[in-house]
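# Results of the structural survey
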Amino acid sequence: DAGSEAVLASVREWLEKKQVDALVVPSGDPHASEYPPACYARRAFVSGFTGSAGVAVVTRDRALLWTDGRYFVQAEQQLSSSWTLMRQTFGPPAPSP
């Protein structure tokens, strides 16, 4: 959507101006609510993805969204082509050395 594209462009301009490598945009609030109030909808504002779980990371040349399987279809529908969906899956833990 054009609104999230403009926001993404603004975030990237800010990253460049401040010489910051990446911005991590969580979906939570300070109380770890499953459904935070609208004033904490930072991830949805930046990405356009409105699911209740996910984390966005914006760099100067990439925009990535991690979410779990409950939201893969919704994320694919809501994210613009500027975003890459990183499918967060849960499985057995990786072996330790």
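Look a little higher up for the structure.
What counts and how
- Residues numbered from 1 in each chain as written.
- Predicted model: local features only at pLDDT ≥ 70, side-chain atom pairs only at ≥ 80, totals over all residues.
- Heavy atoms only, no water.
- Buried < 20%, exposed > 50% of the residue type's maximum accessible area, 1.4 Å probe, protein only.
- Helix = DSSP H or I, 4+ residues; strand = E, 2+ residues; numbered from the N terminus.
- Pairing = 2+ DSSP bridges.
- Patch = residues over 30% accessible without salt bridge, like charges linked within 9 Å, V, L, I, M, F, W, Y side chains within 5 Å.
- Areas by Shrake-Rupley, 256 points an atom, 1.4 Å probe, with all protein chains shown as cover.
- Salt bridge = Lys/Arg side-chain N within 4 Å of Asp/Glu carboxyl O.
- Contact = heavy atoms within 4.5 Å.
- Polar contact = N/O pair within 3.5 Å; in protein donor to acceptor, adjacent residues only side chain to side chain.

Right, let's get into the pairing of strand β3 (residues 63-68). Judged by how many residues are buried, β3 sits mostly within the fold: five of six residues are covered. What sits between the antiparallel neighbours strand β2 (residues 55-59) and β3 is a turn of three residues.

With that settled, consider the side chain of Thr67. Relative to the helices and strands, Thr67 is located in strand β3. For Thr67, a relative accessible area of 1% translates into the label buried.

The grouping of Val24, Val55 and Trp66 at the surface amounts to a nonpolar patch, some 240 Å² of accessible area in total. Residue placement: Trp66 occurs in strand β3.

Further remarks concern the environment of Ser52. Within the element layout of this structure, Ser52 appears in the loop between α2 (42-47) and β2. By relative accessible area, Ser52 is classed as buried at 17%. The residues contacting Ser52, other than those within four sequence positions of it, are Ser27, Glu34, Tyr35, Arg43 and Tyr71. Of the polar contacts made by the side chain of Ser52, one reaches the side chain of Tyr71; its length is 2.5 Å.

This part takes up the pattern of salt bridges. On inspection of all chains with the given rule, the structure shows three salt bridges. The salt bridge involving Glu16 is made with Arg60; its shortest N-O contact spans 3.8 Å. Separated by 44 residues along the polypeptide, Glu16 in helix α1 (residues 2-18) and Arg60 in the loop between β2 and β3 bring together distant segments of the chain. A salt bridge links Arg70 to Asp68; the shortest N-O distance between them is 2.8 Å.

The next subject is the environment of Thr84. When you line up the elements, Thr84 lands in strand β4 (residues 84-88). Linking Thr84 and Ala63, residues 21 residues apart in sequence, is a C-alpha distance of 6.2 Å. When residues no more than four places from it in sequence are discounted, the contact partners of Thr84 are Arg62, Ala63, Leu64 and Leu65.

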